[in-house]
Amino acid sequence: QVQFVESGGGLVQPGGSLRLSCLASGGIEDIWAMGWYRQIPGNQRETVALSFRDGTTKYDDFVKGRFTASRDNANNAVYLDMNNLKPDDTAVYYCNGGGPSNIATKSFASWGQGTQVTVSS
């Protein structure tokens, strides 16, 4: 099974930008959708963005227009470019990928350690 390692988080001021990276242990070109998720302690994990095998993307309304998801199948990587960050974006960010059922239920074989994003002045 493919495993994912996230990186790129950090502390940033409101209005700032970050680029998150997710490296897969195996090929991702056949994975139906690669997703970015985030979780605040005490809350459920939520879907931030999805990057589909056909090249399309889908975003949560709260991040639409600010975040851009992309995938680099040749290098087994996915990215999340985050602009105009807000304090409410503070969370641990994860990536994962799978088929329609996995994506709909956010149920995967395993999760990586995630990367912390903190937006604060």
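Above this text sits the structure in question.
The notes below deal with the structure included here.

With respect to the nonpolar core
Phe-4, Trp-36, Val-48, Phe-67, Leu-80, Met-82 and Tyr-93 are the most contacted members of the largest nonpolar core, which totals 25 residues. Those elements that place two or more of their residues in this core are strand 3 (18-24), strand 4 (33-39), strand 5 (46-52), strand 7 (67-72), strand 8 (77-82), strand 9 (91-98) and strand 10 (115-119). A per-element tally of this core places strand 3 first, with four residues. Non-local contacts of Val-48, meaning those with residues more than four positions away in its chain, are made with Trp-36, Tyr-37, Arg-38, Lys-58, Tyr-59, Asp-60, Val-63, Phe-67, Leu-80 and Tyr-93. Ala-33, Tyr-37, Ile-103 and Phe-108 belong to the second-largest nonpolar core, a separate cluster that totals six residues.

Concerning the packing of aromatic side chains
Scanning the model with the defined rule gives five aromatic pairs in all. Ring centres of Tyr-37 and Phe-108 lie 5.9 Å apart, and the angle between their planes is 65°; this geometry places the pair in the edge-to-face category. Of this pair, Tyr-37 sits in strand 4 while Phe-108 sits in the loop between helix 1 (100-105) and strand 10; the two residues are 71 residues apart in sequence, bridging distant segments of the chain. Look at Phe-108 and you get buried, because its relative accessible area is 13%. Here Tyr-37 and Trp-111 contribute two aromatic rings whose centre-to-centre distance is 5.3 Å and whose plane-to-plane angle is 90°, an arrangement assigned as edge-to-face. Of the two residues, Tyr-37 sits in strand 4 while Trp-111 sits in the loop between helix 1 and strand 10, which places them 74 residues apart along the sequence.

What counts as what
- Residues numbered from 1 in each chain as written.
- Predicted model: local features only at pLDDT ≥ 70, side-chain atom pairs only at ≥ 80, totals over all residues.
- Heavy atoms only, no water.
- Core = buried A, V, L, I, M, F, W, Y, C linked by side-chain atoms within 4.5 Å.
- Buried < 20%, exposed > 50% of the residue type's maximum accessible area, 1.4 Å probe, protein only.
- Helix = DSSP H or I, 4+ residues; strand = E, 2+ residues; numbered from the N terminus.
- Contact = heavy atoms within 4.5 Å.
- Phe/Tyr/Trp six-rings, centres within 6.5 Å; stacked < 30°, edge-to-face > 60°.

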